[in-house]
Amino acid sequence: MGCTGCSVGIENGTPSGCGSKGNCDTGGCNRMNTFDWLTQMDISDVDQFGTVEVSFKNGSRKSFFHLPSHLHLHTGDMVVVEAKNGYDIGRISLSGELVRLQMKKKKVKEDSVIPAVIRQANERDLERLEEARRQEKPSLIQARAISRSLGLDMKIGDVEFQGDKRKATFFYTANGRVDFRELIRHFAREFRVKIEMRQIGARQESARIGGLGSCGRELCCSTWLTDFKSVSTAAARYQNLAINQAKLSGQCGRLKCCLNYELDTYMEAVQAFPKKADKLQTESGAAVLVKTDIFKQLMFYAYTEGRNRGKLYALKIEQVAEIQALNKKGEKPIDLGLLAMAAIDEEDQEPDYEDVTGFIELPPEQRKKKSRNKRRKSSNRGNKPDERSRREDSKKKPDERPRKDRPKKKEEGPKKEKPQAKGEEKPGSNQKRRRNNRRRSKNRKPDSRNNNNQQGNNPTKDN
């Protein structure tokens, strides 16, 4: 289909728009694409259907128009159509018999009065349409600023200008009723066009704006989904999904529409499970259903009391039905562990993969290299000692240990002296006395009296 929505404003033979130069081939630029396979087959209709489907603003809005017999137009042509005030410019998305089926799907009667196609768009019309599209983004920013200044509880999501720039439609979302009469006056004074306010839902807003979902693809509501069905949390419970609002909600803030896609398959699979099997009675106690695996058809039970409390036992649906039948008769099985082990053994007989333990080994050379590399890595880890080296260091004497690993000494405070009894001497007092006496004897001067006595006692030679 090749970027059918980007051909507005052709410059030098290449369409302006997303920048892919018309070579994306995905049709993602035009929302709500419908493939007109009858036109691609080059089959001319004998009785041409007189109504065509025209899309506006890259598929964000579509409507049906009467095609006069003198105009020979085909799918993909840009046309000028009638509007309530002036005219609008769009692209033919469907023509021929497929339009009849589309009108039946959307419940539009063929006899109803619908506007007509005026003519095929020329270069001047396409230039004016491009000017209108360029004016939408700054108008949206300005409109949001005006609504915020007035203090209105509403969010303006999108703006669409008519092809002749005589009318602007503002799409907004709000939780309740909004009195926007003063807002329309400000818009008319600012933009100088006819203003139309249209309230839409959160899903319609995301469909108009577009974006990427958590799956990595474009939003379903902006590409192919036309009708929005209600989505409830029961759809997530049937599919054993965690009730997490952040994961289950889409860009619009509501539950994802894709929760309904596989719901019918899950509903059919759940019918094979036994009903009212929330609790089973055994001789070891009562077992409560914790979770179910729909694809493997397994039911996981756990005891609420006893020594086996907290363990999960996987049972097949046939085994659960047998235990229910025994409980109705007043009988109880011995333990769920025996039945669960039997179910596990049956599953292990047919493994989904081949166990290659012991069959594939590395050559001895590579093993040596790996061990050497491990030793090098361990030695180069910031020069940090391993556990083994720490243990060896702890066995060493305290003097041989490195200073980092030495145990810190406890800071000791001043020692308290014991009270001494009367007559007792302090330890070490005798040594101090002796030292002091020696010092005194060395520093003492010779006494004169002793010298006289020595002279008198010793007789001289003369006597």
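Everything quoted here is computed from the prediction, not taken from an experiment.

Engineer: Explain the confidence of the model for the protein residue by residue, including any values.
Structural biologist: Overall, the prediction assigns the protein a mean pLDDT of 75, with 66% of residues at 70 or greater. Note on residues 20–28: pLDDT under 50 across the span, and 11 contacts to partners over four residues away in sequence or across chains. Note that pLDDT drops below 50 for residues 448–463; the model gives that stretch zero contacts with residues more than four away or on any other chain.

Engineer: Explain the nonpolar core to me, and be specific about the residues and the numbers.
Structural biologist: Met154, Ile156, Phe170, Phe187, Phe191, Ile195 and Met197 are the most contacted members of the largest nonpolar core, which has 19 residues in total. Elements with a contribution of two residues or more to this core: helix H3 (123–149), strand S8 (155–161), strand S9 (167–173), helix H4 (181–191) and strand S10 (194–199). Top element by residues in this core is H3. It accounts for four residues. Once residues lying within four places of it in the same chain are set aside, the contact partners of Phe191 are Ser139, Gln142, Ala143 and Phe170. One finds Tyr313, Leu315, Ile317 and Leu336 within the second-largest nonpolar core, a separate group that totals 16 residues.

Engineer: Mind laying out the sheet that holds strand S12 (residues 285–293), listing which residues take part and the relevant values?
Structural biologist: In space, the four strands of this open sheet follow the order S11-S12-S13-S14, with antiparallel pairing throughout. Taken across any chain shown, the strands that pair with only one partner, and hence form the sheet edges, are strand S11 (279–282) and strand S14 (312–316). Averaged over all pairs of adjacent strands, the angle between strand axes in this sheet comes to 35°, irrespective of strand direction. The pairing of strand S13 (residues 298–303) with S14 spans five bridges and is antiparallel. Residue pairing in the sheet places Phe300 in a bridge with Ala314 of S14.

Engineer: Give a description of H4 that names residues and reports values.
Structural biologist: Listing the buried residues of H4 in full gives Leu183, Phe187 and Phe191. Looking straight down H4, one finds that the buried residues subtend no more than 40° of arc, so they occupy a single side. Of the residues in H4, the exposed ones pointing more than 90 degrees away from the buried face are Arg181 and Arg189. Among the structural elements, H3, S8, S9 and S10 are those in contact with the buried residues of H4.

Engineer: Break down the pattern of salt bridges for me, citing the residues and quoting the values.
Structural biologist: Within the structure shown, the criterion is met by 20 salt bridges. For Arg119, the salt bridge goes to Asp125, with nearest N and O atoms at 2.6 Å. Arg208 is paired through a salt bridge with Glu160; the nearest N and O atoms lie 3.2 Å apart. With Arg208 in helix H5 (residues 202–209) and Glu160 in strand S8, this pair connects stretches of sequence that are 48 residues apart.

Engineer: Give me the pairing of S8: which residues, what numbers.
Structural biologist: Put simply, side chains in a regular strand alternate between the two faces of the sheet. In terms of residue burial, S8 counts as a mostly covered element, since six of its seven residues are buried. With six bridges connecting them, S8 and S9 associate as antiparallel partners. Along S9, the bridge assignment pairs Asp158 with Phe171. Here S8 folds back onto S9, and the loop between the two strands holds five residues, one of which, Lys165, carries a positive phi near 60°.

Engineer: Tell me about a positive patch on the surface, and name the residues and values.
Structural biologist: Together, Lys432, Arg434, Arg435, Arg438 and Arg439 make up a region of like positive charge exposed at the surface. Turning to its location among the elements, Arg439 is positioned in helix H14 (residues 429–443).

Engineer: Residue-level account of the environment of Gly213, with values.
Structural biologist: Structurally, Gly213 can be placed in the loop between H5 and helix H6 (220–223). Sequence separation between Gly213 and Gly250 is 37 residues, and the spatial gap between their C-alpha atoms is 7.0 Å. Those residues in contact with Gly213 that sit more than four places away from it in its chain are Leu219 and Gln251.

Engineer: Lay out unusual backbone geometry with the relevant residues and their values.
Structural biologist: Despite not being glycine, Asn240 shows a phi value in the positive range, around 60°. Looking at the element boundaries, Asn240 is found in the loop between helix H7 (233–238) and helix H8 (245–248). Of note, the phi angle at Lys276 is positive, near 55°, even though the residue is not glycine. The topology assignment puts Lys276 in the loop between helix H9 (263–270) and S11. The exposure class of Lys276 is exposed, given its relative accessible area of 81%.

The rules we used
Throughout, a residue's number is its position along its own chain's written sequence, starting from 1. In view of the model being predicted, local features appear only for residues whose pLDDT reaches at least 70, and side-chain atom pairs are presented and counted only at 80 or more, with totals across whole chains, interfaces and linings using the full set of residues. Water and hydrogen atoms play no part in the side-chain values, which are based on all heavy atoms of the structure. The quantity called pLDDT is the predictor's confidence in a given residue, expressed from 0 to 100. Should any heavy atoms of two residues lie within 4.5 Å, those residues are considered in contact. In these notes, a set of buried Ala, Val, Leu, Ile, Met, Phe, Trp, Tyr and Cys residues joined through side-chain atoms within 4.5 Å is what counts as a nonpolar core. Categorising residues by exposure relies on relative accessible area from a 1.4 Å probe, with only protein chains included: less than 20% of the type maximum marks a residue as buried, more than 50% marks it as exposed, and the intermediate range marks it as partly exposed. We count a stretch as a helix when DSSP gives it H or I for four or more residues in a row; a strand needs E for two or more, and each element gets its number in order from the N terminus. Between any two strands, at least two bridges found by DSSP are needed for them to pair. Helix axes are fitted only over the stretch in contact, all axes being lines through C-alpha atoms; the angle between N-to-C directions runs from 0 to 180 degrees. By arc we mean the arc of the directions from the helix axis to the C-beta atoms, nothing more. Salt bridges, as used here, are contacts in which a Lys or Arg side-chain nitrogen is within 4 Å of a carboxyl oxygen on Asp or Glu. Here the term patch refers to residues with relative accessible area over 30% and no salt bridge, with like charges joined within 9 Å and nonpolar side chains (Val, Leu, Ile, Met, Phe, Trp, Tyr) within 5 Å. To be clear on the numbers: accessible area is Shrake-Rupley with a 1.4 Å probe, and residue cover counts the displayed protein chains and nothing else. Neither His nor the chain termini are counted; the positive set is Lys and Arg, and the negative set is Asp and Glu. Where a charge sits is defined by one atom per residue type, namely NZ (Lys), CZ (Arg), CG (Asp) or CD (Glu).

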